[in-house]
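Per-entry structural report
Residues per chain are reported as follows:
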Amino acid sequence: MTRSPSLRIVAAFAALLTLAAGATTAKAISVTVADYRNDFHVGAAVGQSGTFADGWSYQWNAPSSWNGTSTTAGNGNTGAISSVADFELLRWSGTSWRPDGDDNNANGLPAAFLTLNSTGGHPGRGTTQADGTVANNQNRYAIAAYTVAEGGRYYITDAFYQNTNLGAGNGQDVRISVNGNAPVFTLLLPDNATRPINTFVGDLSAGDTIYVAFGPNGSDGSDGFAHDFTVTKSIGDFKVVADYRDDYQTGGPAAGWEYLWNAPSQWDGATTPAGNGNTGPIGDPTFYASLNPVGAQYRPDNDTNSANGLPAAFLQLTSVGGHPGRGSTQADGTVANTLDRYAIAAFTVTEDGEYAITDSFVNSIDTAGTGGHIFIHVNNNAPLYFRDFAATAANISFDLLLGQLNAGDTIYVGIGPNGSDGSDSFNWDFSIAQLPIPEPATVSLLLMSVLGLGRRQRRAA
C-alpha cells in the first residue's frame, strides 16, 4: 500500500526530529518527492490539458503537423522519442489522459489507443503500423514527466511495469531519461512478467525534467500495461563500505563478500542429474552455490576447464569482471538446462542504514555475443533491478537506491547470459555505499528541505 504525500512528509519529519533528539538510527535519509499513482490528477474538463498535479505533466511524442485528429501525409517519420521538443500534452477524456481528449481509439492516428490512467495505460502506434497515409515509422510513447523543484541526487524507486494483456502482444519497452539526453534506463519486456524499473536518474538541477516513457515494440496490439513509480531524492552523501574491484582478493573472498552462482539442484561439481536443469532460478538464494578460488579466478568446479561442470561451463568471476554460465537455450544434453546461470557477487552489510549501489558499470568484452542481464535483489526478496544490456563496449550503469537495510541483509548482484553464453565475457565494477546519519548540526537544514517538499505536495493536492 502506498502512502499519501502528506503521510510521507510526516514520516520523514518525525524521523528527522528523532535525529535531533540524539537518536542513533533513522530512516528519513531519502524522501519521496513524487509518486505516480498517489499524485495522479484528473482533468478539469474533457478535452483540456494543463490541470496536472504540481510538477507533473502527461505527454506523447507526436508527429509534426498532428492536428488532434490525424497527421499530414508523410509526417509519420517525425516526432522521435529522443526529441522532447516534439512532445505534446495529453488531454483529459473524462476517464483518462488521451492525445485527442476522447475515448475513440480509431481517430487521432498515430495515437490510437495511447492513454495514461491512474494505474497504467497503453502506448500508441508502433513502427510497423502505417495507418494509411500517416505512414507512421516511430514508436509512439505514453510519457509521464516530472520536473524537479530542487537540485539533488534523484532515483526512480518502488517502480514496476507489467503487460496486462497476458502476453498476447509482441512486447513493450520503457525508457527513462532527463531533459533531451540519452536514456539512463531502457527495458524491453517480451512477456507479461512484472519487472522492476528502479534506477539512478542523476544529479539534477532545479527545473530538470524526468521522462518515464512507455512504448510499443513495433506494434501496439495487446499492449495495455500497469505501472507505478516514485521520484526519490537522497539527502546527504553516501560513504562507500565495499567496492568490488578494490576488495577483490585471491584465495578466498574478503570479509562480507561471497562469490556465487545459481546452481541447479544436486549439481555435484561435475554435472547435473538428468532433468534437473530447470531448477536453480536467479533470485532464490537457497539454490546459490559458492564459487571456488582457482588461481586468480573464482570458478564453480575447482578447475579452469570450461567443458565440464555443466551447466556452469565458462562461469567465473575475476578481479575486473567475469563470464556467466549456460543460457536458457543451451540444454547440454542430459542436463536439459532451461535457465540462465548467473555469476553473482554478494555483500552482507554489518550496520542498519540506507544503502545504494554506486559508481557501477558493466560492458561486454566480446561484442560478438548476445549481451547479458543484470539482476539485483536483497535477501530472497523480489528483484529491485532487472535489465538487459547489449553486446557493446559501452558502459551501462546500474546505480540503484536499495533503501533501508538491516545488519545481516545480503545484496546480490548477478550477471547472466541472454539465452546463450557465447562470447559473453564482461568487465564491471560497483560499490556498496551507505547514507550516513547526519550530525545534529545538519538536522535543521534537512528539516527545511523536508518542509519545503511538504509545501509543494500540499499545493498539488
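Below, the structure is looked at part by part. (Residues numbered from 1 in each chain as written. Predicted model: local features only at pLDDT ≥ 70, side-chain atom pairs only at ≥ 80, totals over all residues. Heavy atoms only, no water.)

Another aspect to go through is unusual backbone geometry. For the peptide bond that leads from Leu 109 to Pro 110, omega is 5 degrees, which places it in the cis range. As for its position among the elements, Pro 110 is in the loop between β5 (97-98) and β6 (115-116). Each neighbour pair has its own omega, and for Leu 310 with Pro 311 the value is 10 degrees, a cis peptide bond. Looking at the element boundaries, Pro 311 is found in the loop between β20 (297-299) and β21 (316-317). In this structure, Ser 65 is a non-glycine residue whose phi angle is positive, near 65 degrees. Inspection of the secondary structure puts Ser 65 in the loop between β2 (56-61) and β3 (87-89). You can call Ser 65 partly exposed: its relative accessible area is 48%. Positive phi, close to 65 degrees, is recorded for Gln 266, a residue that is not glycine. (Helix = DSSP H or I, 4+ residues; strand = E, 2+ residues; numbered from the N terminus. Buried < 20%, exposed > 50% of the residue type's maximum accessible area, 1.4 Å probe, protein only.)

In spatial order, the strands read β18-β17-β23-β28-β25-β26; together these six strands make up an open sheet with antiparallel pairing. Every other strand in the sheet has two partners, leaving β18 (288-290) and β26 (385-389) as the edge strands with one partner each. Neighbour to neighbour, the strand axes of the sheet diverge by 25 degrees on average, direction disregarded. In this structure, strand β17 (residues 257-262) lies alongside strand β23 (residues 343-348), joined through five bridges in antiparallel fashion. Bridge pairing in β23 places Tyr 259 opposite Ala 345. (Pairing = 2+ DSSP bridges. Axes fitted to C-alpha atoms, helices over the stretch in contact; angles between N-to-C directions.)

A separate point is the pattern of salt bridges. Between side chains of opposite charge, a pair can form when the charged atoms approach closely. Applying the stated criterion across every chain yields a total of five salt bridges. Here Arg 98 and Asp 103 are joined by a salt bridge, their closest N and O atoms 3.6 Å apart. The exposure class assigned to Arg 98 is buried, which follows from its relative accessible area of 5%. Judged by its relative accessible area of 40%, Asp 103 is partly exposed. A salt bridge links Arg 153 to Asp 203, with the shortest nitrogen-to-oxygen separation between them at 2.8 Å. Highlighted residues: Arg 153 in strand β9 (residues 152-163) and Asp 203 in strand β13 (residues 199-204), separated in sequence by 50 residues. The exposure class assigned to Asp 203 is exposed, which follows from its relative accessible area of 52%. (Salt bridge = Lys/Arg side-chain N within 4 Å of Asp/Glu carboxyl O.)

Right, let's get into the environment of Asp 158. Tracing the sequence through the fold places Asp 158 in strand β9. The spatial distance from the C-alpha of Asp 158 to the C-alpha of Thr 232 is 9.4 Å, given a sequence separation of 74 residues. The contact partners of Asp 158, leaving out residues within four places of it in the chain, are Asn 198, Asp 228, Phe 229 and Thr 230. (Contact = heavy atoms within 4.5 Å.)

Across the sheet, which stays open at both edges, the six strands sit in the order β3-β2-β8-β14-β10-β11 with antiparallel pairing between neighbours. Among the strands making up the open sheet, the edge pair consists of β3 and β11 (185-189). Strand-to-strand twist across the sheet, computed as the mean angle between neighbouring axes with direction ignored, equals 25 degrees. Alignment of strand β8 (residues 142-147) against strand β14 (residues 209-216), held across six bridges, turns out to be antiparallel.

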